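Structure at a glance
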Amino acid sequence: MSLVEAERIVDVTRDKYAVEEGYIDSSVETSPWIPFLTENVFVRYLSFDIRNNSTVVVLKIDGPGGLGVHRHRGPVQAMTLEGS
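Residues numbered from 1 in each chain as written. Predicted model: local features only at pLDDT ≥ 70, side-chain atom pairs only at ≥ 80, totals over all residues. Heavy atoms only, no water.

Let's shift gears to the packing of aromatic side chains. Tallying each qualifying case throughout the model produces zero aromatic pairs. In this arrangement the basic side chain of Lys60 is found over the ring face of Phe42, its NZ or CZ atom lying 5.6 Å from the centre. (Phe/Tyr/Trp six-rings, centres within 6.5 Å; stacked < 30°, edge-to-face > 60°. Lys NZ or Arg CZ within 6 Å of the ring centre and 35° of its normal.)

This part takes up the side chain of Ser31. Tracing the sequence through the fold places Ser31 in the loop between helix 1 (3-17) and strand 1 (34-36). Here the side chain of Ser31 touches Tyr45 through a polar contact of 2.6 Å, landing on its backbone oxygen. (Helix = DSSP H or I, 4+ residues; strand = E, 2+ residues; numbered from the N terminus. Polar contact = N/O pair within 3.5 Å; in protein donor to acceptor, adjacent residues only side chain to side chain.)

As a further point, take the environment of Val57. Mapped onto the fold, Val57 is located in strand 3 (residues 54-61). For Val57, a relative accessible area of 38% puts it in the partly exposed group. The spacing of Val57 and Arg44 is 13 residues in sequence and 5.6 Å in space, taken between C-alpha atoms. Excluding its chain neighbours within four sequence positions, the residues that come into contact with Val57 are Val43, Arg44 and Tyr45. (Buried < 20%, exposed > 50% of the residue type's maximum accessible area, 1.4 Å probe, protein only. Contact = heavy atoms within 4.5 Å.)

Moving on: the sheet that holds strand 3. One open sheet accounts for three strands, arranged 1-2-3; its pairing is antiparallel. Looking at the sheet topology across the chains shown, the edges are occupied by strand 1 and strand 3. Each strand axis lies, on average, 45° off the axis of its neighbour in the sheet, ignoring direction. Both strand 2 (residues 38-49) and strand 3 contribute to a ladder of eight bridges, which runs antiparallel. Across the sheet, residue Val43 finds its bridge partner in strand 3, namely Leu59. (Pairing = 2+ DSSP bridges. Axes fitted to C-alpha atoms, helices over the stretch in contact; angles between N-to-C directions.)

A volume near 1,600 Å³ is recorded for the largest pocket. Val57, Leu59, Val76, Gln77 and Ala78 are the residues nearest the centre of the largest pocket, which is lined by 32 residues in total. Of all the elements in the fold, those that place two or more residues in the lining of the largest pocket are strand 2 and strand 3. The element best represented in the lining of the largest pocket is strand 3, accounting for eight residues. Among the residues making up the lining of the largest pocket, the classes are represented as 16 nonpolar, twelve polar and four charged. (1 Å grid on protein atoms, 1.4 Å probe; cavity = no way out; pocket = protein on both sides within 12 Å on 5 of 7 lines; lining within 4 Å. Points joined across faces, edges and corners; volume = space filled by probe spheres on them. Nonpolar A, V, L, I, M, F, W, Y, C, P; charged D, E, K, R; others polar.)

Following this line, the structure appears as structure tokens:
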């Protein structure tokens, strides 16, 4: 079997069984700010990767406050853009 033939088989199988990729536009209309846990905490979902079980989320806290102690089932990468 040639490499081209193998790639065609993979393409047909992927198209038949794979979950279609999703794209979430960066506009607020497509991904609105959603209240999260308390009244001044909001999240926006930007990406869902179901194959690797990861999500990209923007978290916003208006005014003083925070999330408090909580747990995650997997690794988390975070960056503070403003505040502390």
